[in-house]
Amino acid sequence: MINILIKKELSLYFRNLNNIFLPLIFFFLIISIFPLVLGPEKTLFNKIIPGVIWITAILTTLLTSNNFFKEDFNAGIIETYLTSDVSIEIVLFIRIIVCWIFTCLPIVIFIPIVSILFDITFQSSIVILLTLVIGTPILISIGIFGSALTLGLAKNNILTPVIIIPFYIPVLIFSASAIQSVSAGLPYDMQIYILASLLTLVLPTMPYLLKYTLEISINN
Amino acid sequence: MDDALNKIEISVNSATCYKNNNLIFEDINIELKNGDFMLIIGPNGCGKTTLIKSLCGIQKLEFGNILINNLDIHSKNSEYIENIIYLGHKNSLNNDLSVQENLEYLSVFDSSVGSNNFDKIKNAMDYFNIYKYKDYMISDLSEGNRKRTSLARLVLSKKKIWLLDEPLSFLDNNILDSFVSLIKRHQANDGIVIVSTHYDFSKSISNVKYLKMETK
Amino acid sequence: MNISKIANLKFFYTKTQRISIYLSFSTFVLFCIGIYWGLFIAPEDYLQGNSYRIMYVHVPAAWLSLQTYMIMAVTAFIALVWKIKIMEIISIQCAPIGAFFTIIALVTGMIWGKPTWGTYWVWDARLTSELILLFLYIGVIVLYSSFVDKRQAIKITSLLSIIGLINIPIIHYSVEWWNTLHQGPTVTKFDKPSAHITMLLPLLYMFIVFNLYFLAVMIQRIRLGIYIREKNSKWMEDLSND
């Protein structure tokens with residue numbers, strides 16, 4: 001069962017390679033806008049780069065998770081999920097993970113290039129990588145939850161981000177502070193631990209929450 | 001052989017449903033047992049789809065209840081969800097997957113199909129004459145062939161209760177015949193079929209119950 | 001929509017008409033007394049002078065903004081689990097009231113900030129948390145208003161406010177953390193003035209008055225919510241025909 005689910009998700013992403021490359025290209029586009037707007041001063045970037053990377057990560061995850069269920073909802077697949085006698089939580093969990101692999105993992109992989117562009121030290125870029133690996137699954141999960149909340153609406157273009165961005169704040173604060181701490185030579189393990197505990201809180205509960213939300217969304 | 005002994009009684013008692021404070025249907029009463037075929041018939045907008053969704057449990061009722069073997073379908077230990085297969089008027093197919101992949105994927109959600117089901121899926125596609133399209137993407141198929149793909153799930157599934165919403169749209173006549181014989185076979189296997197339609201195709205089917213719905 | 005629940009709404013609607021009028025009126029009188037007490041009777045603060053007196057509105061508003069969110073989430077939970085209609089109405093009617101308290105707290109905080117910090121806005125932990133709370137309220141309100149089917153809307157927003165309640169301590173903690181990390185030179189004690197009992201008594205009194213105000217507005221809004229939901233029902237028509 002699980003191998004069919006994974007195979008299906010993978011083939012959907014690989015058949016439309018845009019799905020993989022567009023978030024990455026979007027990420028780089030936004031990142032390169034900052035120097036154009038703020039001017040190419042190196043000292044300034046040392047200070048703001050954690051914020052820049054994380055704001056860009058937010059935008060990317062928001063856009064990719066915004067219409068996560070929309071296509072399946074229109075095709076009637078969500079109804080099949082909810083009238084099925086197998087555990088849908090596993091399906092949802094796999095879909096979250098695969099969505100993360102294809103939208104956020106490329107960004108994580110390309111962080112070394114960002115480090116070169118902005119002259120980030122090796123140690124800082126390791127921490128940036130670490131916070132992204134732990135933090136973006138939380139963002140993706142919350143984003144998907146937001147898209148499930150607004151599923152019953154015909155149009156939800158900007159509504160979902162408005163609702164869920166406040167929920168992103170803790171992840172942002174701890175991630176940015178970890179990156180700032182390491183560049184200031186301070187310990188950053190506390191922030192990483194908090195992020196990790198947020199991840200272990202969000203990821204296992206999210207499939208159950210999503211199932212419940214979908215049930216409400218479909219009952220209109 | 002277990003399945004043959006599996007007695008099922010569905011009773012719908014004074015079911016009433018509202019959407020956004022509008023009455024969709026009111027005081028619907030249904031009694032069904034193994035081998036029954038029920039036709040929900042009525043014009044557009046009379047609440048057929050909503051009634052079928054209520055019978056699946058994804059639409060909540062305002063008044064009344066739906067019982068299976070005297071247990072409410074929303075109660076915890078209800079066997080309902082293990083017995084139903086629902087085919088909505090949306091086909092529940094993924095446009096970017098082929099016919100075969102879609103059937104493989106959908107059979108994941110139906111535990112009665114079982115694993116290693118390549119032969120079964122081939123049979124199901126054969127039954128509705130879509131084996132030749134097995135590697136076509138759904139987006140490349142005609143509406144009729146999409147409907148056939150969706151109906152092929154019925155050949156695969158061993159579920160007792162079929163809930164079909166407008167299964168006839170876009171189907172031509174020779175497929176209709178094989179669809180009717182599929183229903184007869186299911187009735188003979190003690191299955192229950194509930195169909196919403198605007199066209200009465202039940203001439204050659206026995207044990208038919210009608211539910212005529214009116215626009216409110 | 002079973003019979004007992006309709007009766008419950010009807011009971012509430014017919015019984016509270018008088019009460020809400022008395023309550024609103026007495027709240028107004030008590031509020032005026034409290035304002036007079038806070039502005040004229042309470043002694044001047046030796047550090048902040050008279051500007052601290054805005055605390056008599058700011059602090060109760062800030063407390064109530066949090067308390068209202070808690071009530072909203074708890075009633076949302078009850079509404080989702082036990083499907084009690086009046087709880088649904090209470091929960092969704094909390095959102096605009098809570099947003100109002102939050103705005104009051106923010107505005108009074110800014111007014112207090114001008115003489116104290118020399119600027120209307122400082123990104124200190126309290127004001128920032130309050131601002132995020134406002135965003136959470138706005139999220140609930142816009143989500144509710146974008147659904148046409150209000151019964152689905154209420155379930156969806158209930159879910160959002162429950163998740164929000166789980167999040168508030170996390171957000172609060174993270175904002176505190178963020179604030180201590182970026183501590184500027186302008187940190188002052190606002191909620192803990194060099195407390196003297198003659199200063200704290202009016203504060204406590206205002207807190208109670210704000211709660212009464214909440215209750216008065218809530219009852220009015222519940223009545224409005226019941227009216228909107230039941231306007232087509234028979235008992236409501238009978239009532240308006242009388």
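What comes next is a walk through the structure. Model, not experiment: these values are computed from the prediction. (Residues numbered from 1 in each chain as written. Chains lettered and ligands numbered in written order. Predicted model: local features only at pLDDT ≥ 70, side-chain atom pairs only at ≥ 80, totals over all residues.)

**Considerations on the overall build of chain C**
As a reminder of what qualifies: Counting from the N terminus, the helices are the DSSP runs of H or I reaching at least four residues and the strands are the DSSP runs of E reaching at least two. Residues with at least 20 other C-beta atoms within 10 Å of their own are called buried, those with 12 or fewer are called exposed, and the rest are partly exposed. The C-beta atoms themselves are positioned from the backbone. Think of it this way: build a C-beta for each residue from its backbone, and any pair within 7 Å is a contact.
In terms of helices and strands, chain C carries 7 helices and 0 strands. Taken across its 242 residues, chain C has 33% of its residues classed as buried. Restricting to contacts in chain C with at least 6 residues of sequence separation, those with at least 24 account for 79%.

**Notes on the overall build of chain B**
For clarity, the threshold we go by: For the radius of gyration, the atom set is restricted to C-alpha positions; the globular benchmark scales as 2.2 Å times the number of residues to the power 0.38.
Along the backbone of chain B there are 7 helices and 9 strands. The globule rule puts the C-alpha radius of gyration for 216 residues at 17 Å, and the 17 Å found for chain B is close to it. For chain B, the share of sequence-separated contacts (at least 6 apart) that also reach a separation of at least 24 residues comes to 72%.

**Topic: the interface of chain B and chain A**
Formally: Residue classes follow a fixed rule: Ala, Val, Leu, Ile, Met, Phe, Trp, Tyr, Cys and Pro count as nonpolar, while Asp, Glu, Lys and Arg count as charged, and any other residue, Gly among them, counts as polar.
The interface is formed by 26 residues belonging to chain B together with 21 residues belonging to chain A. Counting only elements with at least two residues in the side of chain B that touches chain A, the list comes to α3 (80–83), β6 (84–87) and α4 (99–108) of chain B. It is α4 of chain B that contributes the most residues to the side of chain B that touches chain A, 5 residues altogether. When the residues that make up the side of chain B that touches chain A are grouped by side-chain class, the tally is 11 nonpolar, 7 polar and 8 charged.

**Observations concerning the environment of L159 of chain C**
With respect to the secondary-structure elements, L159 of chain C resides in helix α5 (residues 150–181). Once you skip the residues sitting within four places of it in the chain, L159 of chain C turns out to touch L149, T213 and I216 of chain A.

**Here's the deal with the nonpolar core**
For the record, the criterion: Residues enter a nonpolar core if they are buried, belong to Ala, Val, Leu, Ile, Met, Phe, Trp, Tyr or Cys, and are joined to the set through C-beta atoms within 7 Å.
Core analysis: the biggest nonpolar cluster contains 170 residues, and A152, L163 and I194 of chain B have the highest contact counts within it. Dropping the residues within four chain positions of it, L163 of chain B is found in contact with I52, L55, C56, I84, Y86 and I194 of chain B.

**Things to note about the pairing of strand β2 (residues 22–33) of chain B**
All names here are of chain B. The condition is simple: For two strands to be treated as a pair, DSSP must find at least two bridges joining them.
Bridge analysis of strand β1 (residues 9–19) against β2 gives 8 bridges, and the strand direction is antiparallel. Looking at β2, one finds that Y18 is bridged to L23. In this antiparallel pair of consecutive strands, β1 and β2, the connection spans 2 residues, and N20 shows a positive phi of 50°.

**Regarding the interface of chain C and chain B**
Across the boundary between the two partners, chain C contributes 4 residues, which contact 5 residues of chain B. Here the residues of the side of chain C that touches chain B sort into 2 nonpolar, 1 polar and 1 charged.

**Some details on the sheet that holds strand β5 (residues 71–72) of chain B**
Residues and elements named next belong to chain B. The cut-off we apply is this: Note on geometry: axes are C-alpha line fits, over the in-contact stretch for helices, and angles between N-to-C directions span 0 to 180 degrees.
Within the open sheet, the 4 strands sit side by side as β2-β1-β4-β5. Their pairing is antiparallel. The open sheet terminates on both sides in strands that have one partner only, identified here as β2 and β5. Note: strand β4 (residues 63–68) against β5, 2 bridges, orientation antiparallel. Within the sheet, the bridge partner assigned to L67 lies in β5 and is D72. Sheet strands in contact with helix α2 (residues 48–56) are β1, β2 and β4, and its direction is about 55° off that of β2.

**Things to note about the sheet that holds strand β8 (residues 192–197) of chain B**
Residue and element names in this part refer to chain B. Read from one edge to the other, the open sheet built from 5 strands follows the order β6-β7-β8-β3-β9, with strand pairing classed as parallel. With partners counted over all chains shown, the strands left at the sheet margins are β6 and β9 (208–212), one partner each. For this sheet the average axis-to-axis angle between neighbouring strands, irrespective of direction, equals 15°. As judged from the 5 bridges shared by strand β7 (residues 161–165) and β8, these two strands associate in the parallel manner. Its bridge partner being in β8, L163 is matched across the sheet by I194. Relative to the sheet, helix α6 (residues 143–156) contacts β6 and β7, its axis offset from that of β6 by approximately 170°.

**A closer look at the environment of I161 of chain B**
All names here are of chain B. Here I161 shows up in strand β7. Given 22 C-beta atoms within a 10 Å radius, I161 is considered buried. When the C-alpha atoms of I161 and I85 are compared, they prove to be 6.3 Å apart, with 76 residues separating the residues in sequence. If we ignore the near neighbours within four places in the chain, the residues touching I161 are I8, N83, I84 and I192.

**A closer look at the environment of N74 of chain A**
Its place among the elements puts N74 of chain A in helix α4 (residues 70–75). Taking the C-alpha atoms as reference points, N74 of chain A and L151 of chain A, separated by 77 residues in sequence, lie 9.9 Å from one another.

**Structural notes on α4 of chain B**
The buried count for α4 of chain B comes to 8 of 10 residues, which makes it a mostly enclosed element. Lining the buried residues of α4 of chain B we find α1 (2–15) and α5 (77–82) of chain A together with α5 (118–127) and α6 of chain B.

**With respect to the pairing of β8 of chain B**
Within a regular strand, the side chains alternate between the two sheet faces. Residue and element names in this part refer to chain B. For clarity, the cut-off: We call a crossover right-handed when, viewed with both strands directed away from the observer, the connection leading from the first strand over the helix to the second proceeds clockwise.
Of all 6 residues making up β8, 5 are buried, and the element is well covered by its neighbours. Alignment of strand β3 (residues 37–41) against β8, held across 5 bridges, turns out to be parallel. When the sheet's bridge partners are listed, L39 is paired in β8 with V195. Crossover handedness for the path β7 to helix α7 (residues 173–188) to β8: right-handed.

**Concerning the packing of α4 of chain B against α6 of chain B**
Residues and elements named next belong to chain B. What counts is decided by this rule: An angle below 35 degrees is read as roughly parallel, one above 145 as roughly antiparallel, one from 65 to 115 as roughly perpendicular, and any other as oblique. In this scheme the crossing of two helices becomes right-handed for a clockwise turn of the near helix relative to the far one and left-handed for an anticlockwise turn of less than a right angle.
Between α4 and α6, the shortest axis-to-axis distance is 10 Å and the interhelical angle comes to 50°. Looking at the two axes, α4 sits oblique to α6. In the crossing of α4 with α6, the sense of the turn from one axis to the other is right-handed. Taken together, the residues of α6 that come into contact with α4 (itself represented by V99, N102, L103, L106 and S107) are T149, A152, R153 and L156.

**Things to note about the packing of helix α8 (residues 111–118) of chain A against helix α9 (residues 122–149) of chain A**
All names here are of chain A. Interhelical geometry of α8 versus α9 gives an angle of 140° and a closest axis separation of 10 Å. Taken as axis vectors, α8 and α9 run oblique relative to one another. The interaxial crossing formed by α8 with α9 has right-handed handedness. Only S125, I128, L129 and L132 of α9 make contact with α8, whose side of the interface consists of I111, P112 and S115.

**Looking at α6 of chain B**
Side chains of residues three or four places apart in an α-helix project in the same direction, reflecting 3.6 residues per turn. Residue and element names in this part refer to chain B. How we decide: For a helix, the expected span equals 1.5 Å multiplied by the number of residues minus one.
Look at α6: 21 Å from first C-alpha to last across 14 residues, which is about the 20 Å you get at 1.5 Å a residue. With 10 of 14 residues buried, α6 lies mostly within the body of the structure. For α6, the full list of buried residues reads N145, K147, R148, T149, S150, L151, A152, R153, L154 and L156. Lining the buried residues of α6 we find β6, α4, α5, β7 and α7.

Honestly, that's just the spatial picture; any functional story needs more than this.
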